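# Reading the structure
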Amino acid sequence: MTIFRAARPRVLLTAMAAGTLLFTSACNDSATTAQDKASGTAAPAAASPTASPTPTPKPKGEADPALKPFYGQQITWADCPADPKAEQAKIDISGMRCGKLHVPLDYADPAADAIDLALIKYPATAKDQRIGSLMVNPGGPGASGVEMVKYGAKDFDGTLHTRFDVIGFDPRGTGDSSPVVCYDDKQLDAVNQTDAPDDRAERKAAHVKQSTDHAAACQAKSGKLLPFVGTRNTARDLDVLRAVVGDRKLNYLGISYGTYLGALYAEEFPQNTGRLILDGAVDPAQDTMDHGVDQQVGFEKSFERFAADCVENHADECPLGKDKDKAAKKAAAFLDGLHDHPLTTKDGRTLGRDLAWTGVISLLYGDEKTAWRYLRNSLGWAMMRDKGDYLMAAADDYNGRDENGHYSPMDEANGAISCADAARPAPTPEHAQQAVDRLLAEAPLLSKGVTVDDYLEPGCAYWPFKTQEKPHTIRAEGAAPILVVGTTGDPATPYSSAEQLAKGFAKATLLTRVGEGHGAFGKGNTCIDQAMDAYLTDGTMPAEGTRCT
């Protein structure tokens, strides 16, 4: 089962309050010139003998002489290192090739320092029909593109693997690409196993301490990286990669947060866009708190649909009773009750309320055929047998914890990249109240106990680096037509986000998957797969308004 993540909350409301749940931000240059501020009686600039000439724009990308060493490098592709996880899963990686890409740490001062990005290539099987490369990103932010290709290779088999070298990369600050490091495994276990307090004042104090401690740890261990892990720099890395592998245009598949990366690339390098698919889309113009509310409502609705389906269609294995209208409330009451009566798993860890909800949310990313079955079983074992191991396993998968207790850099990278991409200002009390009112009305199960105080502080308030990036509509004027894909029942990136992203682009088509779960790629929908293949291989867009059931 392939699950692509949009955001990584331990508890959604807690992450939203911290300002690190979301990733929809971009640079918005609001500076105005002196002429813009001048009064209407001022002489035109062209007539003024003291007017300064228009400065020459600084070249970027391949046109920047300072970046020539990076654009001119050659990747040394070699056999990928042995991977016990791949061997255990019986995944053959012998045909894959691994390498490194050298990129500047700071594109404003490329000679100062550099980092290496981890790469993997799944070479095209039909060399005589090869179109070029297909770059992929699975989301996060913080997820590994190398792992997406390595462990999800079967999702590319067929037309895509025949015609393209499928290339995954770990974005800067993630995976094996100079990862952001803050806490060790024991510290992350302790954080994840601690439920947020129910008392409002205690919850606020705990949040401040946890946020302050975490920011200090990140600064101490990764302070040099933090200002440079934002998505705009990753888009620049992507252009270096495009050129170095010999592609004139970028062909790209981005899922979830990867849609934001693709959109920023189209904004930065519209002339270099080839065929871009943005699946499970993020609206880069939306206020981050409002997006968080939309997401929380989306998960609530998905949870309700799951619970009703459990009772109506799987009564023999459903632990939620016989009343479909009360099923979700019954499950939520059990999960909330784990705050006072946690379960102990086989490895001795404690499954409390927050980890249990994380396990549920993790499985709601998947579709109704596979992931919902896992969720029914996981809840059944917990509710009927007092065994929380399956919910814990789902939470571990979400948090990037393996069976040996080691965490991937995904969570740490998520927070760092999110704060590099957007640090929302403190909302007005009225805006915060509107958010809470909507949560309590439309997502009461996931938002139990939430108050206005949880939303009044600015995002990334304790983070050591303050970004200038801001949400805005991405037009990408001059870019090739872009294919945006949205799923009607997507809880993580609601369908309305795909509509808004497509509407914002100068040239884009929206393809709709009718169904549950996050994203459409890899879900086994023939209509979606054929539309994606046709667009990537031939440039054929699906008809406007196409809906795949």
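Note that the structure is predicted; figures quoted are calculated from it, not measured.

What follows covers the pairing of strand E4 (residues 114–122). Counting buried residues along E4, seven of its nine residues qualify, which places the element largely inside the surrounding structure. The sheet contact formed by strand E3 (residues 97–104) and E4 spans eight bridges and is antiparallel. Paired with Lys100 across the strands is Ala118, a residue of E4. With four bridges connecting them, E4 and strand E6 (residues 164–169) associate as antiparallel partners. Along E6, the bridge assignment pairs Lys121 with Ile167.

Of all hydrophobic cores here, the largest spans 64 residues; its most connected members are Leu101, Leu238, Leu241, Val484 and Phe505. The biggest single contributor to this core is helix H10 (residues 257–268), with seven residues. If you look at the next biggest cluster of nonpolar residues, it comprises 38 residues, including Ala331, Leu343, Leu391 and Met392.

A complete count under the given rule lists 31 salt bridges for this structure. Between Arg349 and Asp396 there is a salt bridge, with the nearest N and O atoms lying 2.6 Å from each other. You can see Arg349 sitting in the loop between strand E9 (343–344) and strand E10 (350–351) and its partner Asp396 sitting in helix H15 (residues 389–399), a full 47 residues away along the chain. The exposure class assigned to Arg349 is buried, which follows from its relative accessible area of 9%. Residue Asp396 is classed as buried on the basis of its relative accessible area, which comes to 10%. Within the structure, one salt-bridge network assembled from shared partners comprises Lys60, Arg232, Arg236, Glu267, Glu268 and Glu469.

In this description, a pair of aromatic rings is defined by centroid distance and the angle of the planes. In this structure the tally under the stated criterion is nine aromatic pairs. A ring pair is formed by Phe156 and Phe521, whose centres lie 5.2 Å apart and whose planes are at 40 degrees; its orientation type is tilted. Residue Phe156 is found in the loop between helix H5 (145–151) and helix H6 (159–163), and its partner Phe521 is found in the loop between strand E13 (508–516) and helix H19 (526–538); the two are separated by 365 residues along the sequence. The same class applies to Phe156 as to Phe521, namely buried. Ring centres of Phe303 and Phe306 lie 6.4 Å apart, and the angle between their planes is 25 degrees; on these two criteria the pair is classed as stacked. Taken together, the positions of Phe303 and Phe306, both in helix H11 (residues 288–313) and three residues apart, correspond to about one turn of that helix.

On the secondary structure map, Leu225 appears in the loop between helix H8 (200–222) and helix H9 (231–244). Leu225 sits in the buried class, given a relative accessible area of 12%. Apart from the residues lying within four places of it in its own chain, the contact partners of Leu225 are Leu105, Ser178, Pro179 and Val180.

Between H9 and H10, the shortest axis-to-axis distance is 9 Å and the interhelical angle comes to 70 degrees. Classified by the angle between their axes, H9 and H10 sit roughly perpendicular to one another. The segment H9 lies against H10, with Thr231, Arg232, Thr234, Ala235, Arg236, Leu238, Asp239 and Arg242 engaging Tyr257, Tyr260, Leu261, Leu264, Tyr265, Glu267 and Glu268. Across the contact of H9 with H10, the residue classes break down as seven nonpolar, two polar and six charged.

Here the focus is the confidence of the model for the chain. Residues with a pLDDT of 70 or more make up 90% of the chain, whose mean pLDDT is 91. Taken as a whole, residues 1–11 scores under 50 in pLDDT and shows 58 contacts with residues more than four places along the chain or in a different chain. The model gives residues 13–53 a pLDDT under 50, and that stretch makes 80 contacts with residues more than four places away or in other chains.

Moving on, we come to the state of the cysteines. Tallied over the full model, the rule gives five disulfides. Across a sulfur-sulfur distance of 2.0 Å, Cys182 and Cys218 are joined as a disulfide pair. The chirality of the disulfide connecting Cys182 with Cys218 is right-handed, given an S-S dihedral of about 105 degrees. Of this pair, Cys182 sits in the loop between E6 and helix H7 (185–192) while Cys218 sits in helix H8, and the two are 36 residues apart along the sequence. Judged on exposure class, the residue Cys182 and its partner Cys218 are both buried. The partner cysteine of Cys310 in its disulfide is Cys318, sulfur to sulfur 2.1 Å. Looking down the S-S bond of the Cys310 and Cys318 bridge, the torsion is 120 degrees, so its handedness is right-handed. Each member of the pair, Cys310 together with Cys318, is buried. Bonded cysteines in the chain are paired 1-2, 3-4, 5-6, 7-8, 9-10 when counted in the order they occur along the chain.

What follows deals with unusual backbone geometry. The step from Gly140 to Pro141 runs through a cis peptide bond, and the omega angle for that step is 0 degrees. With respect to the helices and strands, the residue Pro141 is situated in the loop between strand E5 (132–137) and H5. Residue Lys90 is not a glycine yet carries a positive backbone phi of 60 degrees. The exposed category is assigned to Lys90, whose relative accessible area is 78%. Within the chain, Ser178 stands out as a residue other than glycine whose phi angle is a positive 50 degrees. With respect to the element layout, Ser178 can be found in the loop between E6 and H7.

Attention now goes to the side chain of Lys121. Mapped onto the fold, Lys121 is located in strand E4. Of the side chains with opposite charge, Asp165 lies nearest to the buried Lys121, which makes no salt bridge, at 4.6 Å. Residues in contact with Lys121, not counting those within four places in the same chain, are Trp77, Gly95, Met96, Arg97, Asp165, Val166 and Ile167.

Rules used in this analysis
Residues numbered from 1 in each chain as written. Predicted model: local features only at pLDDT ≥ 70, side-chain atom pairs only at ≥ 80, totals over all residues. Heavy atoms only, no water. Buried < 20%, exposed > 50% of the residue type's maximum accessible area, 1.4 Å probe, protein only. Helix = DSSP H or I, 4+ residues; strand = E, 2+ residues; numbered from the N terminus. Pairing = 2+ DSSP bridges. Core = buried A, V, L, I, M, F, W, Y, C linked by side-chain atoms within 4.5 Å. Salt bridge = Lys/Arg side-chain N within 4 Å of Asp/Glu carboxyl O. Phe/Tyr/Trp six-rings, centres within 6.5 Å; stacked < 30°, edge-to-face > 60°. Contact = heavy atoms within 4.5 Å. Axes fitted to C-alpha atoms, helices over the stretch in contact; angles between N-to-C directions. Parallel < 35°, antiparallel > 145°, perpendicular 65-115°, else oblique. Nonpolar A, V, L, I, M, F, W, Y, C, P; charged D, E, K, R; others polar. pLDDT = per-residue confidence, 0-100. Disulfide = S-S within 2.5 Å. Lys, Arg positive; Asp, Glu negative; His and termini not counted.

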